[in-house]
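Coordinate inspection notes
Here is how the chains run, residue by residue.
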Number of protein chains: 4
Amino acid sequence: MSNTFGRLFTLTTFGESHGPAIGAVVDGCPARLKLREADIQAALDRRRPGQSILTTPRAEKDKVRFLSGVEKGLTLGTPIALVIENACANPGDYEKLIQIPRPSHADYTYKMKYGILSASGGGRASARETACRVAGGAIADIMLRKRWGVEIVAWVSSVGTVDAPDLTGKPIQRRDVDRSIVRCPDKASADRMAGAIQRAISDGDSVGGIVTCVCRNVPVGWGEPVFDKLHAVLAHAMMSIPAARGFDVGAGFAAARMSGSAHNDMFIKKGRCLGTVTNRSGGVQGGISNGEPLVFRVAFKPTATIKLAQRTATYDGKPALLKIEKGRHDPCVLPRAVPVVEAMAALVLADMALLAGNYGQSR
Amino acid sequence: MSNTFGRLFTLTTFGESHGPAIGAVVDGCPARLKLREADIQAALDRRRPGQSILTTPRAEKDKVRFLSGVEKGLTLGTPIALVIENACANPGDYEKLIQIPRPSHADYTYKMKYGILSASGGGRASARETACRVAGGAIADIMLRKRWGVEIVAWVSSVGTVDAPDLTGKPIQRRDVDRSIVRCPDKASADRMAGAIQRAISDGDSVGGIVTCVCRNVPVGWGEPVFDKLHAVLAHAMMSIPAARGFDVGAGFAAARMSGSAHNDMFIKKGRCLGTVTNRSGGVQGGISNGEPLVFRVAFKPTATIKLAQRTATYDGKPALLKIEKGRHDPCVLPRAVPVVEAMAALVLADMALLAGNYGQSR
Amino acid sequence: MSNTFGRLFTLTTFGESHGPAIGAVVDGCPARLKLREADIQAALDRRRPGQSILTTPRAEKDKVRFLSGVEKGLTLGTPIALVIENACANPGDYEKLIQIPRPSHADYTYKMKYGILSASGGGRASARETACRVAGGAIADIMLRKRWGVEIVAWVSSVGTVDAPDLTGKPIQRRDVDRSIVRCPDKASADRMAGAIQRAISDGDSVGGIVTCVCRNVPVGWGEPVFDKLHAVLAHAMMSIPAARGFDVGAGFAAARMSGSAHNDMFIKKGRCLGTVTNRSGGVQGGISNGEPLVFRVAFKPTATIKLAQRTATYDGKPALLKIEKGRHDPCVLPRAVPVVEAMAALVLADMALLAGNYGQSR
Amino acid sequence: MSNTFGRLFTLTTFGESHGPAIGAVVDGCPARLKLREADIQAALDRRRPGQSILTTPRAEKDKVRFLSGVEKGLTLGTPIALVIENACANPGDYEKLIQIPRPSHADYTYKMKYGILSASGGGRASARETACRVAGGAIADIMLRKRWGVEIVAWVSSVGTVDAPDLTGKPIQRRDVDRSIVRCPDKASADRMAGAIQRAISDGDSVGGIVTCVCRNVPVGWGEPVFDKLHAVLAHAMMSIPAARGFDVGAGFAAARMSGSAHNDMFIKKGRCLGTVTNRSGGVQGGISNGEPLVFRVAFKPTATIKLAQRTATYDGKPALLKIEKGRHDPCVLPRAVPVVEAMAALVLADMALLAGNYGQSR
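I will try to describe carefully the structure that is included in this document.

**A short note on the overall build of chain A**
A count of helices and strands for chain A gives 8 helices and 18 strands. For chain A, whose C-alpha radius of gyration is 21 Å, the value lies close to the compact-globule estimate of 21 Å for 363 residues. Along the three orthogonal principal directions, the C-alpha set of chain A runs to about 65 × 50 × 35 Å. Residues counted as buried form 68% of the 363 residues belonging to chain A. Across chain A, the fraction of contacts at a sequence separation of at least 24, relative to all contacts at a separation of at least 6, is 70%.

Okay, structure coming up:
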């Protein structure tokens, strides 16, 4: 297993969804950064279940506690360990799953790989693991904001067949995003998205969607060319989020349908550096940030766990009807995926920032 | 810079497009694998420029030579170094570029990051670097085929607005793909794609497209859950290919528009294990291979270097008209991207195979 | 900072000596290994302070708690997180140190590197950090014992100028070692060592020594030639223990004084494999284990913190007399270093075992 | 196999001693460093065989050629690949070894681990591999000298039972070291060491010894506390050199016999920082450089390959008399180990310098 992300600014996460606790160790965070538990708590509260009628009623408080690395509100340069106790583990809900692996879930592959499954819930495959990413990402985010003024903002741009208009050029802030329970800053779209999710709930079904993310004020020169291109590491980070199924940057998949003359971004003087007139490159050229906003999208599949009956098979291969009555799952992961996408983006950028300190001249 | 890919089966590449040579070191390849230079040469010949009227006329022979790691046709378990001399370096072609960074190319970001540029050509950002990936990938591919019967086949599924039908369920082989100069196994689509590329050539323009890749016979249990999910590492690998802009797996971006009941893959007995009736998951669940074929797509943007005049700026920020008369660039990277996608897939799977040897029970 | 050790079987430690807790995350441990908190506790109890009149009276109970990775007494293949609360933090003892860096201690270099110091005690430089190594090493040790029958036994072979006879060829067990409070299995030497430590206590001084370690039943083929030779990684591991100043393997420094004909180990048939008549190589040839017992030594300096007055300087460079009245430090780290050396050896061997699973044929 | 050393400034080596070529890839070297092949050649010439009557007559010219990463005498920030053709491979010399593994050599363990041996010579276990370390280390050395004025000087301080006096406090330069063919800057000792080596040659035997190394002007703050302490990584690097058997830093093994009051280094104002009155710590405290010269020793065993007949066994376990008539091996590796020790020290310091750029404040 590989539960660590990053090379210099690293996040290690641990914990089963129904065990004693989940937690994380952030290593490589510079010393003397102002950091309080409350900063992390605020980030966790945005990801917490039970925020609205659209999310799982599992009422975890997700209260974070620092075990190390911070003293009197300042980081020490030592590893920052944090834990979140599992207040609301409820193994009973999952008993039926012992015989029947949930379709399109990780039950079967974990069982085959490890020969053992966490007694209940998704274990490490549970979306609950992402709370630790949000906590670690919050630390990266604070470093990026304080040192470089980097702003990372993500929002829901599609739910099912409901698409919001392109807002990547607008100065969207997190508070704009949080104004709607679906986390789409376009009010009309948000309402239609909420409707789509409500329908999925009524149907005992689930629905997918897309998160769009913009990172502003990223200095020129972050990203390692060749294998660790900025957008390649972002793709890795984003595709590691549970339920992520697609990633693209800038014009992305649409670029595949374009001609070079329609896609290329012309240079123009901006301040002391060059900028580009358009941003179809999504802020990255040759794998290195070019000073324009980073823009990328992450596609999420509909939640695998649904209440509708499914004709599938037991672990032994016998046909079986799976009907999950209880259990606490979001019918649509999108609203809560927003802070997770932001967190993973922050972790990537923090690592790239430290790496750039060595090789490049961006600092 | 980070010029190494992989954790146990690693590829390190080196070389500027117009320097003395390019090359690679493959480390972690098991001992006593049958391997000849001719195997690698065959793979390189599929990526080589000048194969058809649709690709750059740069006539590199790309002749590979082993320096180490292989003796009497067998690997020694030691690092396999290989070099490809740059027979056809032609720095003169690029002189104009010293003043004007090419739009949507890596010229500007490299210059800002390193303060120095390879005197000509794209240096490390050149597509020429991918020859080393193809060479390294060929070694991984041979290991995967011999030990597990893994078959990796990619093809061009879109060029510009021309889309081939979905062939992921068909038993396409590499020879089927190579039958057309655009590397699309659907004859009718291939002809229309060739037309689209010809038009781009006539216009002095370029065009993007999509590669689809299928990996068959991947055992259950490859991929590390959490951060190094199989599809996350594949995304990293694919997005590190020059001009890649998007990646998705299984139903991918389309999954975002679906309901769970329409997306979930039901289990069914297949041989001694479980399989799935459909394969919208693209062969991976919870980040671990499930025994079904891996299916993913990679979107490529149109080539940034075009002959059409471009109104852009010099490094100093002065408006300038860039008109590239000469230079050797493919108007469409797609046909030659096919073996690169296959090579990166092989490198990911080889690494995951070795990692699975430790933790899992897939072997 | 780099708080992770290992490539496949990894240990990450965290925690300041006087913060809320210390702890560790072990990643890469195979699934379905029998593991109980009591196993770890037993290992920790061997390292715990306050075991005898020769060690610091700091009365930490070092009670370990698993947070993840183990369920119903079996590992899940997921990261095993464990915490040890700091019951007995006592910042007041260290106040004087704020002005005067302790000679030959990490105070000064930490302050210069990080610009901040943990308010009291040694922070990460405290020997307390090694409790986490012992906990992580205990997990590695259990895996090694169960899967390969590996036995790791270390003991104190010198304290100051008192040397025990060479016991590396004797079948010493941990219980033999633990019979004496100095952890030397030779009774006569143990008594003289205890005397040397008592004298150091009376003098307000400290004393160094040497730990010898033997690892039996290590299969042939562990260790990666070239940079990650088995003894090179062992050296790395051992020299990372606080106060370690020297490492040698087999005949070690004495080999430097020998001729080849006197040093070489002749081969002889042993069971189905070859063994060697003598073991001056210490069980490793060309960086790879040869099936003979691994034998190495670790030299420890005398504890830097002493009660005797020291004429040194303040952080500002002013001459100062440092007299540490209180504080809880062992006058000799050797007895408690024994389980730490064993733990680090177990971590190295566990990692090498997993690495060998890929490349070699030792399993 | 793991043929890469370092985290940010990395060296990957490849090549069998009797294959087509050996070589290296240095990654992470900053851009715009002045670097010429001649700089590397000069370093290689110091390690080259056949320099004196005391070393192997194998007359390799070890001519280095850059393949990438350097243009017009400046590094590009891209990987620097270099090759050294094997001009003088002579497989015939080694044929007898096919039946009998050389005692205390890597033949047996390689064969057991990989199931295959390079047809002749030591393959990767040959001292020839260290030429690549010297080449890579030369690049690191140049960077360290130019940016920080770091001076790394090693010399032979013992051969067999001949010990030179302690010169670590003297301003020894490399030219002082190279004045004698044994590379000991103390004339009287050098003569006696040469005599000891001559005696080993006459006897068909070999002899071990010790290299001492001093690194001056290392800034305060290099080295990562906990697992990657400066001296721990140095130990790793040094023990990975063929024939190395022991490592110690500062007072080293002698510290084990001392009391704290005799060992501790008192602080004193030196310029704008603190220094220490004595340097028993060898320039490192808590794993971090303290501004004093780094001082460490490496013990080498006598060369395993000797001309004296050895009563050993075949691979099959049958008793056999091994008498190696020909073959080209140094009777004492010490003189040629000096540049290898310096190279590995440079690689460690270069990596630590780049790592310190991120976390610390030493730059």
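Don't stop here, the text continues.
**Considering helix α3 (residues 130-148) of chain A**
Residues and elements named next belong to chain A. When the terminal C-alpha atoms of α3 are compared, their 26 Å separation across 19 residues agrees well with the 27 Å that a helix rising 1.5 Å per residue should span. Counting buried residues along α3, 15 of its 19 residues qualify, which places the element largely inside the surrounding structure. G149, located one to two residues past α3, shows a positive phi value of around 70°.

**What to know about the interface of chain C and chain D**
Between chain C and chain D, the residue contacts involve 92 residues of the former and 92 residues of the latter. Counted by class, the side of chain C that touches chain D contains 41 nonpolar, 37 polar and 14 charged residues. Taken together, the 3 bridges between strand β11 (residues 244-249) of chain C and strand β11 (residues 244-249) of chain D define a ladder with antiparallel strand orientation. Bridge pairing in β11(D) links D248(C) to G246(D).

**Considering the pairing of strand β7 (residues 80-85) of chain C**
Residue and element names in this part refer to chain C. The buried fraction of β7 amounts to 5 of the 6 residues, a majority that puts the element mostly inside the structure. Both strand β3 (residues 21-27) and β7 contribute to a ladder of 6 bridges, which runs antiparallel. Across the sheet, residue A21 finds its bridge partner in β7, namely E85. Pairing of strand β4 (residues 64-66) with β7 involves 3 bridges; the strand directions are antiparallel. Each bridged residue has a counterpart across the sheet, and for R65 the counterpart in β7 is V83.

**Some points on the packing of helix α1 (residues 37-47) of chain D against helix α3 (residues 130-148) of chain D**
Residues and elements named next belong to chain D. Between α1 and α3, whose axes approach to 9 Å, the crossing angle comes to 135°. Considering their axes alone, α1 and α3 lie oblique with respect to each other. In this structure, α1 meets α3 at a crossing whose hand is right-handed. Within the contact between the two elements, α1 uses D39, I40, A43, L44 and R47 and α3 uses T130, A131, V134, A135, A138 and I142. Residues of the contact of α1 with α3, tallied by class, amount to 8 nonpolar, 1 polar and 2 charged.

**Remarks on the relation of the copies chain C and chain D**
For the pair chain C and chain D, the best superposition has an RMSD of 0.0 Å and corresponds to a rotation of 180° with a translation of 0.0 Å parallel to the axis. In short, the pair behaves as if placed about a two-fold rotation axis. Closest approach to the rotation axis within chain C is made by the C-alpha atom of H236(C), at a distance of 2.4 Å. Taken together, the interface assignments show that 100% of the residues at the interface of chain C recur at the interface of chain D, consistent with an identical surface on both copies.

**Topic: helix α6 (residues 230-239) of chain D**
The element α6(D) is largely enclosed, with a buried count of 10 among its 10 residues. Turning to α6(D), its buried residues are L230(D), H231(D), A232(D), V233(D), L234(D), A235(D), H236(D), A237(D), M238(D) and M239(D).

**Some thoughts on the sheet that holds strand β2 (residues 10-14) of chain D**
Residues and elements named next belong to chain D. One open sheet holds the 5 strands; their spatial order is β1-β2-β3-β7-β4, and the pairing between them is antiparallel. Each having just a single partner strand, β1 (4-5) and β4 (64-66) make up the two edges of the open sheet. Against the sheet, α1 contacts β4 and β7 (80-85), and its axis sits at roughly 150° relative to β4.

**Examining the sheet that holds strand β10 (residues 209-216) of chain C**
Taken in spatial order, the 10 strands of this open sheet run β9(C)-β8(C)-β10(C)-β16(C)-β11(C)-β11(D)-β16(D)-β10(D)-β8(D)-β9(D), and their pairing is antiparallel. Since the sheet does not close on itself, it has two edges, and those belong to β9 (162-163) of chain C together with β9 (162-163) of chain D, each with one partner. Contacts between helix α6 (residues 230-239) of chain C and the sheet are confined to β11 and β16 (294-300) of chain C together with β11 of chain D, with β11(C) contributing the most and set at about 160° to the helix.

Rules of the game
Residues numbered from 1 in each chain as written. Chains lettered and ligands numbered in written order. Predicted model: local features only at pLDDT ≥ 70, side-chain atom pairs only at ≥ 80, totals over all residues. Helix = DSSP H or I, 4+ residues; strand = E, 2+ residues; numbered from the N terminus. Rg over C-alpha atoms; globule rule 2.2 N^0.38 Å. Buried ≥ 20, exposed ≤ 12 C-beta atoms within 10 Å, placed from the backbone. Contact = placed C-beta atoms within 7 Å. Expected span 1.5 Å × (residues − 1). Nonpolar A, V, L, I, M, F, W, Y, C, P; charged D, E, K, R; others polar. Pairing = 2+ DSSP bridges. Axes fitted to C-alpha atoms, helices over the stretch in contact; angles between N-to-C directions. Parallel < 35°, antiparallel > 145°, perpendicular 65-115°, else oblique. Left-handed = near helix turned anticlockwise from the far one by under 90°. Least-squares fit on C-alpha atoms with pLDDT ≥ 70 in both.

Coordinates in, geometry out; function isn't part of it.
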